[in-house]
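These are the residues of each chain, in order.
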Amino acid sequence: MSLMLTPSQTVGPFLAIGLPWPDGPFVVPEGTPGAISIGGLVLDGAGAPVPDALVETWQAAPDGSFAHPDDPRGPGPGAAGFRGFGRCPTDRDGRYQIITLRPGALPSGDGGTQAPHVDVSVFARGLLDRVVTRIYFPDEAAANAADPVLAAITADDRRATLIAAAVPGSGPGAFRFDIRLQGGRETVFFDV
Amino acid sequence: MSTELPPGPAGLVLPSYRRPAGVHPALDFPAYRSSLLRAPKRPPVPLAQGLTEVTGPLLGAERVRSADADLTTGHGGEPLGERIILTGRVLDSGGRPVPDTLVEIWQANASGRYAHGVDEHDAPLDPNFDGAGRCMTDSAGRYRFVTIKPGAYPWQNHLNAWRPAHVHFSLFGRAFTQRLVTQMYFPGDPLFAQDPVFNSVPDPAARERLIARFDLGTTQPEWALGYQWDIVLRGREATAFEAEQPR
């Protein structure tokens, strides 16, 4: 039996009615030991902030496990209070931020290793379908160099759009990841 | 039959999800004015589905109350408008139901006004309607909402532009690859022909799949009109393991 898919439509300008959760940005509860923040701006092709976007994240636990039956390695211990999923609408200045734990590295299908990463979906008025990107970490140079997804993006300036920046003066746990929907420094988006 | 998966080249056998060729709108669709500065200009980079993509959040039950599926209650009185029952199944393209998955909806009120500060349409708000609902699918993948039929409303996309009446839907499925946000429309709407959002779906047959079906069997006498709308998410390919099983 094969059914035809339901097409995507834009999330529109009024997603704030139905989609934000009070605890959405907290992949782990605030104050969790080892918690990090990842945040930044969503920008349009003119460099203007996008104040009506929704950023969602999905990632492995610090031990590289997923609480999901389709992980053939089985469930790992994970981390207390860790949901894996984050959801944050942008504010009037186009800002989002999630609080999470650093994901672990993952085996890739070809025997290699994927560097620690966070999968991201962005929804917004003007986007007829979600766009998908990935956040990698700036202090994982060796792992990033061996990552097959990053390696497939040969242009340095394009690959750089996928790597978060440490926020100066904010300690080791604060990362900035801007998402440029369009333009010369357009973020790399993936077809998954 | 053993449920143990044979090790692949890396000891890792993952499901994979069929790619939705030709179904979803192109992001770059100038007739929809909001896309002009927001749609990426570069083609997306193909990403091999790995552990992060074939897993996904299995959540929602703890954040849904049964009352959340009835948008007509929970306020001081009943909202104005045509009461409707909106129900259907969430399936994957293999025809399998998607049980226990979170469905979130939001919509305008009966006069075509959203309960949101950005909506400047000169139509009345309804103090008894905020337009947000959520529920979990049951073991057969079925969802069910009670709400009111949303009104059409004007927008600034082009001269005399009006959105057909619609309800926004958000679905998770069971994997990151299955995530879907879409809109459900009502049958016979005269506004379809001039709506760039509806018509952004390239295949006319796929557009039809966004339209609910009026169903007298779902309609409750003396109380509410019934609509049925099934939602189909990306399905899993047969794994190499399944394909190798004797028939």
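Residues numbered from 1 in each chain as written. Chains lettered and ligands numbered in written order. Predicted model: local features only at pLDDT ≥ 70, side-chain atom pairs only at ≥ 80, totals over all residues.

(A) Layout of the overall build of chain B. Scanning chain B from N- to C-terminus turns up four helices and twelve strands. Taking the principal axes of its C-alpha atoms as reference, chain B extends roughly 60 × 45 × 30 Å. Relative to its 247 residues, chain B shows a buried fraction of 41%. Restricting the contact set of chain B to residue pairs at least 6 apart, pairs at least 24 apart contribute 71%. (Helix = DSSP H or I, 4+ residues; strand = E, 2+ residues; numbered from the N terminus. Buried ≥ 20, exposed ≤ 12 C-beta atoms within 10 Å, placed from the backbone. Contact = placed C-beta atoms within 7 Å.)

(B) Layout of the overall build of chain A. For chain A, the count of helices and strands is three helices and twelve strands. In terms of C-alpha radius of gyration, chain A reaches 17 Å, essentially the compact-globule figure of 16 Å for 192 residues. With respect to the principal axes defined by its C-alpha atoms, chain A has extents near 55 × 40 × 40 Å. Across the 192 residues of chain A, 48% fall into the buried class. Put simply, of all contacts in chain A between residues at least 6 apart along the chain, 70% involve residues at least 24 apart. (Rg over C-alpha atoms; globule rule 2.2 N^0.38 Å.)

(C) Region of interest: the interface of chain A and chain B. If you look at the interface, chain A gives 63 residues, while chain B gives 74 residues. Listing elements by their share of the side of chain A that touches chain B, those giving two or more residues are β2 (53-59), β5 (106-107), β7 (117-124) and β12 (190-191) of chain A. By residue number, the principal contributor to the side of chain A that touches chain B is β7(A), which donates five residues. Among the residues making up the side of chain A that touches chain B, the classes are represented as 33 nonpolar, 19 polar and eleven charged. Sheet topology places β12(A) next to strand β1 (residues 45-46) of chain B; two bridges connect them, and they run parallel. The residue of β1(B) that forms the bridge with A:Asp191 is B:Pro46. (Nonpolar A, V, L, I, M, F, W, Y, C, P; charged D, E, K, R; others polar. Pairing = 2+ DSSP bridges.)

(D) Local environment of unusual backbone geometry. Residue and element names in this part refer to chain B. Positive phi values are uncommon outside glycine, yet Asn 160 reaches one of about 60 degrees. Secondary-structure assignment places Asn 160 in the loop between β6 (153-155) and β7 (161-163). A tally of 7 C-beta atoms within 10 Å means that Asn 160 is categorised as exposed. With phi around 65 degrees, Glu 222 is a residue other than glycine that occupies positive phi space.

(E) Broad picture of the sheet that holds strand β4 (residues 132-136) of chain B. Residues and elements named next belong to chain B. Read from one edge of the open sheet, four strands run β4-β3-β8-β9, paired in antiparallel fashion. The strands lining the two open edges of the sheet, one partner per strand, are β4 and β9 (180-185). On average, adjacent strands in this sheet sit at an angle of 20 degrees to one another, irrespective of strand direction. With five bridges connecting them, strand β3 (residues 102-107) and strand β8 (residues 166-171) associate as antiparallel partners. Bridge assignment links Ile 105 to a residue of β8, and that residue is Phe 169. (Axes fitted to C-alpha atoms, helices over the stretch in contact; angles between N-to-C directions.)

(F) Spotlight on the nonpolar core. All names here are of chain A. The biggest cluster of nonpolar side chains holds 105 residues, and the ones touching the most others in it are Val 42, Val 122 and Phe 123. Of all the elements, β7 adds the most residues to this core, at five residues. In this view, Val 122 contacts Val 42, Ala 53, Val 55, Arg 130, Val 131 and Ile 179; residues no more than four positions away in its chain are not counted. (Core = buried A, V, L, I, M, F, W, Y, C linked by C-beta atoms within 7 Å.)

(G) Representation of the pairing of β2(A) within the structure. Residues and elements named next belong to chain A. Taken across its seven residues, β2 has seven buried, putting it largely inside the fold. On β2, burial covers both faces: Ala 53, Val 55, Thr 57 and Gln 59 on one face and Leu 54, Glu 56 and Trp 58 on the other are all buried. Relative to β7, β2 is paired through seven bridges, and the arrangement is antiparallel. Paired with Thr 57 across the two strands is Val 120, which belongs to β7. Pairing of β2 with strand β3 (residues 85-89), which is carried by five bridges, proceeds in the antiparallel orientation. For Val 55, the partnering residue across the bridge sits in β3 and is Cys 88.

(H) A look at the confidence of the model for chain B. Residues and elements named next belong to chain B. With 91% of its residues at a pLDDT of at least 70, chain B reaches an overall mean of 92. Predicted confidence for residues 1-9 stays below pLDDT 50, and this span has nine contacts to residues more than four positions away or in other chains. Of the regions scoring below 50 in pLDDT, residues 240-247 engages in four contacts with residues more than four places distant in sequence or in other chains. In the predicted complex, the global pTM is 0.95; the interface-specific ipTM is 0.97. (pLDDT = per-residue confidence, 0-100.)

(I) A look at the environment of A:Leu3. Counting through the fold element by element, A:Leu3 comes out in the segment before β1 (36-43). For the pair formed by A:Leu3 and A:Gly169, sequence separation is 166 residues and the distance between their alpha carbons is 53 Å. Setting aside chain neighbours within four positions, we find A:Leu3 in contact with B:Leu91, B:Ser93, B:Gly95 and B:Val232.

(J) Seen up close, the environment of B:Arg134. Residue and element names in this part refer to chain B. Counting through the fold element by element, Arg 134 comes out in strand β4. The class for Arg 134 is buried, based on 22 C-beta atoms found within 10 Å. Separated by 42 residues in sequence, Arg 134 and Asp 92 have C-alpha atoms that sit 20 Å apart. Beyond its immediate stretch of four places on either side in the chain, Arg 134 contacts Val 64, Asp 68, Leu 102, Val 103 and Glu 104.

(K) Representation of the environment of B:Gln228 in the model. On the secondary structure map, B:Gln228 appears in strand β11 (residues 225-228). Apart from the residues lying within four places of it in its own chain, the contact partners of B:Gln228 are B:Thr87, B:Gly88, B:Ala212, B:Arg213, B:Asp215 and B:Thr218.

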